Amino acid sequence: MKELFMPTRVILGKGCVKENASLFAEFGQKACIITGKTSAQKSGALADITETLTSQHIAYTIFDEVENNPSVATCFRGGQKAKAYGADFVIAIGGGSPMDAAKAVAAFATNDMAPMDIYGTIKKNPLPLLTVPLTAGTGSEVTPYSVLTVEEIENKKSFSHPESFSKIAFLDPGYLESLPRSVLFDTTADALSHALESMLCKRTSDISNVYAEAALRHLGKLIPDVIAGKPDFEKLLFASSLAGMAIAHTGTVVVHSMGYLLTYYNNVPHGRANALLLPGFLKLCAKHVPARVTPVLKAFGAETVEALCGIISQLVDEPVLLTEKEVKTFAKKAISAKNVSQNLWQISEAEEASIYATLQ
Ligand code: NAP
Ligand code: FE
């Protein structure tokens, strides 16, 4: 059985928030805006959103405490704020961290549940969510996933709900002009990782490949310009959303679950963690499932796996060095991740250790 499910309306173009002001009123009269500390202001997106809401006579409150790799505890606090305010809908402005946090906030706002219950059955539908991505990487604006940091398990863990897809994603390339170079590199690598992992897992289908191959075709052309310091933000946002639509159908595989540990324990930004692990993963794919790698290279426009890995390495702004002990303990923990079962071959703990060991 195959299914295509992409319920998010995606609007792409400079000025798209203000030009579509009337769409906001469909969702109610009170909004809760979820953002990080500074990016919503720096990018100009917060000003556009608040002016738009005011023009539509929609009241709003702002929760701007979302940290990078948001914790369940922060999202729970945001949910209580949205609930107390009586918000009708939630607007996320930010990279993956605020967008993922907003999905949890929207669920906490409608349900009387304890923080960790977010990983159980979410009884009532979350509040409707609108998203304004400020990075081109996570694709969170078109996925039902929310990846949160859980101190209790010393790791990151995702939940999803069919109603966590944002209703509308407003993709304005102008908001990405304030991106620091390192965040641009990290998030570009994340988008690439989504497209690659979507094409290299058990759940890959003709449907997911429509999105993943298109994302790879765009990224193959766009990444050299990112590296050269001349990013095309509009095309990057589009490519990143395509990659998000691909993982909305397949999920990610071991690159992501292994990367979460680099983020949790060594504070490596999410996309960079993927960029660091991808070469080791792709070389194993070439060994175990070469026929699956050929269409990946063709879509990206690389002659060989080595050429693709060389490009990925150029997106790593700062190297990471692991100790032998870290390699062992991370591999032991990573092999029990849920998505290991979606890998194209039965990957072993030793193979995961060999991927981490490329960082020694
Ligand atoms: P992020 O954590 O949202 O942001 C990283 C940093 O960049 C923050 O300091 C942020 O500032 C700043 N920033 C973001 N946009 C900016 C802009 N336009 N101008 C200036 N500064 C900007 O980074 P991200 O890589 O987009 O998101 C990573 C998170 O997404 C991780 O938690 C990851 O697990 C998750 N993720 C989710 C999915 C999914 O399907 N849901 C997929 C992949 C990854 P502020 O703190 O001020 O915002
Ligand atoms: Fe990701």
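Anyway, here's the lowdown on the structure attached to this text. Keep in mind it's a predicted model, so treat the numbers as computed, not measured. (Residues numbered from 1 in each chain as written. Chains lettered and ligands numbered in written order. Predicted model: local features only at pLDDT ≥ 70, side-chain atom pairs only at ≥ 80, totals over all residues.)

1. Comments concerning the sheet that holds strand β3 (residues 59-63)
Turning to step 1, where the next piece is worked out: The 6 strands lie next to each other as β1-β8-β5-β4-β2-β3, forming an open sheet whose pairing is parallel. With partners counted over all chains shown, the strands left at the sheet margins are β1 (9-12) and β3, one partner each. Strand-to-strand twist of the sheet, defined as the mean angle between neighbouring strand axes without regard to direction, takes the value 20 degrees.
Turning to step 2, where the next piece is worked out: Where β1 lies against strand β8 (residues 168-171), 4 bridges are found, and the strand directions are parallel. (Pairing = 2+ DSSP bridges. Helix = DSSP H or I, 4+ residues; strand = E, 2+ residues; numbered from the N terminus. Axes fitted to C-alpha atoms, helices over the stretch in contact; angles between N-to-C directions.)

2. Here's the deal with the environment of Pro295
Turning to step 1, where the next piece is worked out: Among the secondary structure elements, Pro295 is positioned in helix α11 (residues 290-300).
Turning to step 2, where the next piece is worked out: Distance from Pro295 to Leu192, taken between C-alpha atoms, is 15 Å for residues 103 residues apart in sequence.

3. Side note on the pairing of β8
Turning to step 1, where the next piece is worked out: Neither face of β8 is exposed, since Ile168 and Phe170 on one face and Ala169 and Leu171 on the opposite face are all buried.
Turning to step 2, where the next piece is worked out: Here strand β5 (residues 129-133) runs beside β8; their pairing, made up of 2 bridges, is parallel. Paired with Thr131 across the bridge in β8 is Ala169. (Buried ≥ 20, exposed ≤ 12 C-beta atoms within 10 Å, placed from the backbone.)

4. Examining the environment of Thr138
Turning to step 1, where the next piece is worked out: Within the secondary structure layout, Thr138 lies in the loop between β5 and β6 (145-150).
Turning to step 2, where the next piece is worked out: Separated by 106 residues in the primary sequence, Thr138 and Gly244 place their C-alpha atoms 6.7 Å from one another.
Turning to step 3, where the next piece is worked out: The contacts of Thr138, once residues within four sequence positions are left out, are Gly95, Gly96, Met99, Asp190 and Gly244. (Contact = placed C-beta atoms within 7 Å.)

5. Notes on the pairing of β5
Turning to step 1, where the next piece is worked out: Within β5, 5 of the 5 residues are buried, which leaves it mostly tucked inside the rest of the structure.
Turning to step 2, where the next piece is worked out: Of the two faces of β5, the one carrying Leu129, Thr131 and Pro133 and the one carrying Leu130 and Val132 are both buried.
Turning to step 3, where the next piece is worked out: Direction of pairing for strand β4 (residues 89-94) relative to β5: parallel, over a ladder of 5 bridges. Paired with Ala92 across the two strands is Thr131, which belongs to β5.
Turning to step 4, where the next piece is worked out: Each parallel crossover has a hand, and for β4 linked through helix α5 (residues 96-110) to β5 it is right-handed. (Right-handed = clockwise from strand over helix to strand, strands pointing away.)

6. Regarding the site of ligand 1
Turning to step 1, where the next piece is worked out: Close to ligand 1 lie 35 residues, the nearest being Gly36, Ser39, Gly95, Gly96 and Ser97.
Turning to step 2, where the next piece is worked out: Secondary-structure elements contributing two or more residues to the shell around ligand 1 are α2 (39-43), α5, β6, α6 (181-199) and α10 (270-288).
Turning to step 3, where the next piece is worked out: Residue classes in the shell around ligand 1 are distributed as 8 nonpolar, 21 polar and 6 charged.
Turning to step 4, where the next piece is worked out: Of the residues that make up the shell around ligand 1, three or more belong to each of domain 1 (9-175) and domain 2 (181-357). (Near = placed C-beta within 6 Å. Nonpolar A, V, L, I, M, F, W, Y, C, P; charged D, E, K, R; others polar. Domains from an automatic or database assignment.)

Geometric values such as these leave the question of function open.
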